[in-house]
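# Survey of secondary and tertiary structure
Listed below, chain by chain, are the residues.
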Amino acid sequence: MEKNFLQTSIKDSIFTGLIALALFGPIVGLRTVAKNEALVVHPKWLIVTIIVVVCAVGRFLINLYEFRKEQRTGIKSGIGKSIGNFLDTKGAQIALGAIIFSVIFPFLPFTDRYWMDIAIMMLTYIMLGWGLNIVIGLAGLLDLGYVAFYAVGAYSYALFAIHFGWSFWICLPLAGIFAAMFGVLLGFPVLRLRGDYLAIVTLAFGEMIRILLLNWYELTKGPDGLTGIPRPSFFGLPFKRYPDEGVETFHTFFGLEYSPMQRIIFLYYLILVLALITNLFTIKIRRLPIGRAWEALREDEIACKSLGVNPRNTKLTAFAIGAMFGGFAGSFFATRQAFISPESFTFIESAIIVAIVVLGGMGSQTGVVLSTVFLIGLIEVFRDFESYRMIAFGGAMVLIMIFRPRGILATRKPTIILGKKG
Amino acid sequence: MSEKLLDVENLTMKFGGLVAIDNLTFSASKDKITSIIGPNGAGKTTVFNCLTGFYKATAGSMYLNKENERLNLKKFSDFRIAQKAGVARTFQNIRLFPQMSVLENMMVAQHNKLMDASGFTFLGLFNSPSFVQKEKEAVEISKYWLDIIGLTNRANDDAGDLPYGDQRKLEIVRAMCINPHLLCLDEPAAGLNARESADLNKLLLFIKNEKKTGILLIEHDMSVVMGISDHVVVLNYGKKIFQGTAKETKNSPEVIEAYLGTDE
């Protein structure tokens, strides 16, 4: 048996090496260089060899490891399982730790402007992930056009703030309501669709919104985008170094030295609070009848009908509430950037958010955080490698799917527990 | 003569040129078990789908007589049959919510009641006392039914992890959670062993006698049909070929012919 196993795993690793060669040979190995006004192929076989050997040996080692594990425990298991067990059992502690860390994060010694920006970006994605989790994770409606609601929120915030001069705290709920209305608008025509068909229509919807923004020049300034979106103020106190005459600012009010970090830290806490509100709302609504109906709808729509659950209202509320949080996140994005254009709302954004939700484990709130940190963090770490960062992104997805095929955190806790007494 | 609960007259269902149900007239009574039997493809499940709003009948009438009103079932579309008219059903291939716990399955069945209590979610978000009270009651109702089928100790497990027989029983008590006047069961004994079908008989008799709910039953398992039905309707090719008590049915030449064929 031992010999047989060695034979198959060697065969397997040679096969892996061949696939790696076929993939990386042309992509990495053949480089065109301009030489004497002509393009010359400049092969780089050394690096290809290294990649192929790493793939083959790595595959062999994985086989070996899996085999040992199998022999020891008698059941098939893997690296993913041990990490997974840890995550499954320690979910609550991880969540608490993450919240404490994120609250003190701006005041940690190594935190600088760069890290703050990344943290704000991650929190925006986490919030979007949590919002989309309602639609995909709970209600089981695969929505590939989520970025449309993000865009609606951003644009409605920007237009209200620019044209009417309303403050952030008025425009934020308005943007949420607008996005929710678009959620219902999308929901109606797709009520009868499920699965792949729904995915296609939502994808088209996302593109329609983007193209609308691009072409409705009178309202949205098209590809030029909207500029001069008012910055948020700390309950009426602006973050400005040289304020207008007679206006008290944040730093004068609190008697601080002016620093641009003050605004960044405020933005950080703003998105942290918004994201946590999204999270708390989802946790609560899961335990209410509507949340249970969403999950039931995901499990079996026909059974829902036979129990008198109204599938139309249930789906529409899921779309609307998911879209609303997308809209909130959008208005935060607008106020942070002070400039928005349709380019920020392309399909790849939707794809990343869907990836975050699916890889995190459908319906799992902590899973969304972990996969955001993993995916967005990876993209950032690989920033210097330019276009190779998408390879890292893809690689991360593949790794998660190999070791945790149902997502990083796939366990689902019942929304109501029948206790011993009560 | 007990009161008629369900009145079906001249029910016809056509799919294009195919007549699935042809001019079917029958009735079901309150606190009686009415069985619909017939060979495969006789149109039994189609009758159920018409009654429970999954299909729109081509012609004919269906009335449900509640205490003091007579409801035209044709006026209700899909989920409203369960919500407004109080007709519950189960399915031939069990349709539970497999990744939700047993208790959650029972709670979803009480959705409409709880939804009203939660003030369309707004009151529920703030834990209003009236909602908390209603939810507690719903849990009690669930527990009552789970006690009856002996699944209370598995209430927090995923419904999909239950053994097959328990899933069948859970689907039936889940349907009972909507407080139906009429319970339509599509082959509840399919795939059950002898002991499990005996348990099922007991459960159905309990529902009939204690809950005074009319039961309409499609079944192939004759031990169930003959053991508990008060009334049997036999269908073949969408037509009613016989109706009577279980005993009469067993001895009817038409029924024997439909099932076994005639000797030439």
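This report concerns the structure included in the present document. (Residues numbered from 1 in each chain as written. Chains lettered and ligands numbered in written order. Predicted model: local features only at pLDDT ≥ 70, side-chain atom pairs only at ≥ 80, totals over all residues.)

The subject of this paragraph is the overall build of chain B. For chain B, the count of helices and strands is eleven helices and ten strands. On C-alpha atoms alone, chain B measures out to a radius of gyration of 19 Å, which is about the 18 Å that the 2.2 N^0.38 rule sets for 264 residues. Long-range pairs, those at least 24 residues apart, make up 67% of the contacts in chain B with a sequence separation of at least 6. (Helix = DSSP H or I, 4+ residues; strand = E, 2+ residues; numbered from the N terminus. Rg over C-alpha atoms; globule rule 2.2 N^0.38 Å. Contact = placed C-beta atoms within 7 Å.)

In any sheet, the strands associate via hydrogen bonds between backbone groups, in a parallel or an antiparallel arrangement. Residue and element names in this part refer to chain B. Spatial strand order, S2-S1-S4-S5: four strands in an open sheet with antiparallel pairing. The strands lining the two open edges of the sheet, one partner per strand, are strand S2 (18-29) and strand S5 (70-72). Neighbour to neighbour, the strand axes of the sheet diverge by 20° on average, direction disregarded. Where strand S1 (residues 4-15) meets strand S4 (residues 59-65), five bridges bridge the pair, whose relative direction is antiparallel. Looking at S4, one finds that Val8 is bridged to Met62. In this fold helix H1 (residues 44-51) packs onto S1, S2 and S4, with an angle of close to 70° to the strand it touches most, S2. (Pairing = 2+ DSSP bridges. Axes fitted to C-alpha atoms, helices over the stretch in contact; angles between N-to-C directions.)

Right, let's get into the packing of helix H3 (residues 102-109) of chain B against helix H6 (residues 129-149) of chain B. All names here are of chain B. Interaxial distance between H3 and H6 falls to 9 Å at its minimum, and their mutual angle equals 120°. In this view, H3 runs oblique relative to H6, as classed from their interaxial angle. Handedness of the crossing formed by H3 with H6: right-handed. Only Ala138, Ser142, Trp145 and Leu146 of H6 make contact with H3, whose side of the interface consists of Val102, Leu103, Met106 and Met107. Here the residues of the contact of H3 with H6 are counted per class, giving seven nonpolar, one polar and no charged. (Parallel < 35°, antiparallel > 145°, perpendicular 65-115°, else oblique. Left-handed = near helix turned anticlockwise from the far one by under 90°. Nonpolar A, V, L, I, M, F, W, Y, C, P; charged D, E, K, R; others polar.)

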